[in-house]
Amino acid sequence: MNIWEQQARNRRNTVLLVLLFLVMAAAVGYGADYLFFDGQALLLTPVAAAIAIVQALVGYFTGDKIALALSRAYPVTGRTFAERQLINVTEEMAIAAGIPMPKLYIVPDPDPNAFATGRSPRHASVAVTEGLLQRLTRDELQAVVAHEIGHIRNYDIRLMTMVAILLGTVLVLSDFVRRALFYGVNRRRRDEGGAVLLVLWLVLAILAPIAAYLIAMAVSRQREYYADATSAELTRNPEALIRALQKIAAAVAPTTTIPQSLAHMCIEDPRGRAINERTGFWSELFATHPPLHKRIEALRKMAYLTVAS
Amino acid sequence: MALWIVLAAVALVVLWGIWAYNRLVSLRNQVANGWRQIDVQLKRRYDLIPNLVNAVRGYMKYEQETLERVIQARNQAVAARSVGEAAQREAELAGVLGRLFALMENYPELKANQNVLQLQEELTSTENKIAFARQFYNDVATKYNIARETFPSNLIAKLFGFQAAELFAVADEREREAPQVSLGW
């Protein structure tokens, strides 16, 4: 798959995600209308839809700022040597990829990790942790930044940022459904049609967050391989990314400053969960990142190819 | 009926012609843009080199010859005109710069000098930016040349006189790695 197809697919998936989200919100609103007003008045349906639309717009335009604020990231000034170097390698990679220079942020956390966010190459940010700056050499830092630039150029950031923002809303909505059911069922007589609808509603409330979570995971895993490949393409130095990934994985402490809801955006799972390292159906379903040894294996193959050619 | 089919066919051809022309123009602009990007970085390198040479001159008393060669290569590269000549001069300059960086490894005092470290980082980065800008330039220039030469868009290219873009043909990989040669001395 080439870069244009990847970009197109990401744009399409973002639209699908938002539509799915709006439908779900409207369904929750309709269920609430049924529960509280016997379906006589459509009051909560438009309210829920309006909230969802606002939420999607907020996610689209300020999702990057929310993600950065959640991880307490501060902007890079370039006053220290390490920050200067970060600016330099990012400029290098932006030139190599032919995209504008993204904004740079640092997350105050000693564990090495990095993520990219934004809605397009013109509105993009890259955040790295203090631990990453301390532990990686220049080449390795360049490889990690190139990986993040890959996410930016492929429009992964738009989809992943929307997933992060909407996933939070889905959790709140399903919580609302459960509460509404708890109070609503006590108030209402249980006629047959209503009971069926309520069961459907309950299933929706339970399944929606799981479905949203699975989408987020699937969205993330494939993209890590592509971003690794982009890094190798831009730096022509896959070994540097291999070394960087090994260093990031070897640092056992979880990246606590980056919240869990942003896990799928990071270069390596900030929770350092074992599930990412296993293969098989369930870990394939729930892991945010492909197993490190698989990523390294793929990169080794690229390294071999560049040496051979 | 036949008239309509002919008209539709003509309209399609004209639409395709517009599309092909616009694509060529947009690619040509990208090529020019990529070229400017290289220029920006080259200018930056020309500014940085004298600064670095002056900063290390006091420490590297026995390497005056190398320092002079660096300055000389820089001045020659500044004076280069065509793409081909610039590429050759740039390769020479990158070579002597790599030598200078390698020699600097022999002077531990230089590593303690914050100013020199900073200059070295800026110069290394600029070297990289030049290489990456060239990589990008060659990519878009190749894309443009392919569009210019392949059928059917070559018809439009010939009709409106789109010129071929010149590629950098220097041994790119060797040049890219020049600043990192620190082993063997």
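Note that this is a predicted model, so its numbers are computed, not measured.

## Section: the pairing of strand S4 (residues 123-129) of chain A
All names here are of chain A. Extensive coverage of S4 is indicated by the burial of six of its seven residues. Pairing analysis gives five bridges linking strand S2 (residues 103-107) to S4, with the strands arranged parallel. Considered in S4, the bridge of Val107 is made with Thr129. Bridge count for strand S3 (residues 114-120) against S4 is six bridges, and the pairing is antiparallel. Note on S4: the bridge partner recorded for Phe115 is Ala127.

## Description of helix H2 (residues 44-70) of chain A
Residues and elements named next belong to chain A. Here H2 contains 27 residues, and its C-alpha end-to-end distance of 30 Å is more than 12% below the 39 Å for a straight helix at 1.5 Å per residue. At Thr62, H2 shows its maximal kink, close to 75°. Those residues of H2 that fall on the buried side of the exposure criterion are Leu44, Ala48, Ala52, Gln55, Ala56, Gly59, Gly63, Asp64, Ala67 and Leu68.

## Quick look at the packing of helix H2 (residues 64-79) of chain B against helix H3 (residues 83-104) of chain B
Residue and element names in this part refer to chain B. The interhelical angle for the contact between H2 and H3, taken along N-to-C directions, is 155°, at an axis separation of 9 Å. As summarised for this structure, H2 and H3 are arranged roughly antiparallel, according to the angle between their axes. Crossing geometry of H2 relative to H3 is assigned as left-handed. Here Thr66, Arg69, Val70, Ala73, Arg74, Gln76 and Ala77 of H2 lie close against H3, whose contacting residues are Arg89, Glu90, Glu92, Leu93, Val96, Leu97, Arg99, Leu100 and Leu103. Across the contact of H2 with H3, the residue classes tally to eight nonpolar, two polar and six charged.

## What to know about unusual backbone geometry
That bond from Phe151(B) to Pro152(B) is cis: its omega, 5°, falls within 30 degrees of zero. Within the element layout of this structure, Pro152(B) appears in the loop between helix H5 (114-149) and helix H6 (153-159). With phi around 65°, Tyr155(A) is a residue other than glycine that occupies positive phi space. Here Tyr155(A) is to be found in the loop between helix H5 (138-153) and helix H6 (156-187). Its identity is not glycine, yet Arg236(A) carries a phi of approximately 55°, on the positive side. By the element assignment, Arg236(A) lies in the loop between helix H7 (192-235) and helix H8 (238-250). Residue Arg236(A) is classed as partly exposed on the basis of its 19 C-beta neighbours within 10 Å.

## Things to note about H3(B)
Its 22 residues give H3(B) an end-to-end C-alpha distance of 31 Å, which sits within 8% of 32 Å, the value for a rise of 1.5 Å per residue. Every buried residue of H3(B) is accounted for by Glu90(B), Leu93(B), Ala94(B), Val96(B), Leu97(B) and Leu100(B).

## Side note on the nonpolar core
Counting 92 residues, the largest nonpolar core has Met93(A), Ala114(A), Ala127(A), Val144(A), Val163(A) and Leu166(A) as its most contacted members. The element contributing the most residues to this core is H6(A), with twelve residues. The contact partners of Ala114(A), leaving out residues within four places of it in the chain, are Val126(A), Ala127(A), Val128(A), Thr129(A), Leu132(A), Val144(A), Glu148(A), Cys266(A) and Ile267(A). Core analysis: the second largest hydrophobic core is formed by twelve residues, Ile49(B), Ala73(B), Leu93(B) and Leu100(B) among them.

## Quick look at the sheet that holds S4(A)
Residue and element names in this part refer to chain A. Judged by pairing direction, the sheet is mixed, and its four strands sit side by side in the order S1-S2-S4-S3 without closing on themselves. Both outer strands of the open sheet, strand S1 (74-75) and S3, are each paired with one neighbouring strand and no more. Along the sheet, H2 makes contact with S2, S3 and S4, crossing S3 at roughly 160°.

## Comments concerning the confidence of the model for chain A
Confidence in the prediction for chain A averages 81 pLDDT; 85% of positions are at 70 or higher. Across residues 305-309 of chain A, where pLDDT falls below 50, the model places one contact with residues more than four positions away in sequence or in other chains.

## Let's talk about the confidence of the model for chain B
The predicted coordinates should not be examined in detail at positions where pLDDT is low. Residues and elements named next belong to chain B. With 91% of its residues at a pLDDT of 70 or more, chain B shows a mean pLDDT of 83. Put simply, helix H7 (residues 172-177) is where chain B has its lowest mean pLDDT, 45, and helix H1 (residues 2-57) is where it has its highest, 89. A low-confidence stretch, residues 172-185 stays under pLDDT 50, and its non-local contacts, those more than four residues away or across chains, total 23 contacts.

Cut-offs and rules
- Residues numbered from 1 in each chain as written.
- Chains lettered and ligands numbered in written order.
- Predicted model: local features only at pLDDT ≥ 70, side-chain atom pairs only at ≥ 80, totals over all residues.
- Buried ≥ 20, exposed ≤ 12 C-beta atoms within 10 Å, placed from the backbone.
- Helix = DSSP H or I, 4+ residues; strand = E, 2+ residues; numbered from the N terminus.
- Pairing = 2+ DSSP bridges.
- Expected span 1.5 Å × (residues − 1).
- Bend = angle between axes of the 7 residues up to and from the residue.
- Axes fitted to C-alpha atoms, helices over the stretch in contact; angles between N-to-C directions.
- Parallel < 35°, antiparallel > 145°, perpendicular 65-115°, else oblique.
- Left-handed = near helix turned anticlockwise from the far one by under 90°.
- Contact = placed C-beta atoms within 7 Å.
- Nonpolar A, V, L, I, M, F, W, Y, C, P; charged D, E, K, R; others polar.
- Core = buried A, V, L, I, M, F, W, Y, C linked by C-beta atoms within 7 Å.
- pLDDT = per-residue confidence, 0-100.

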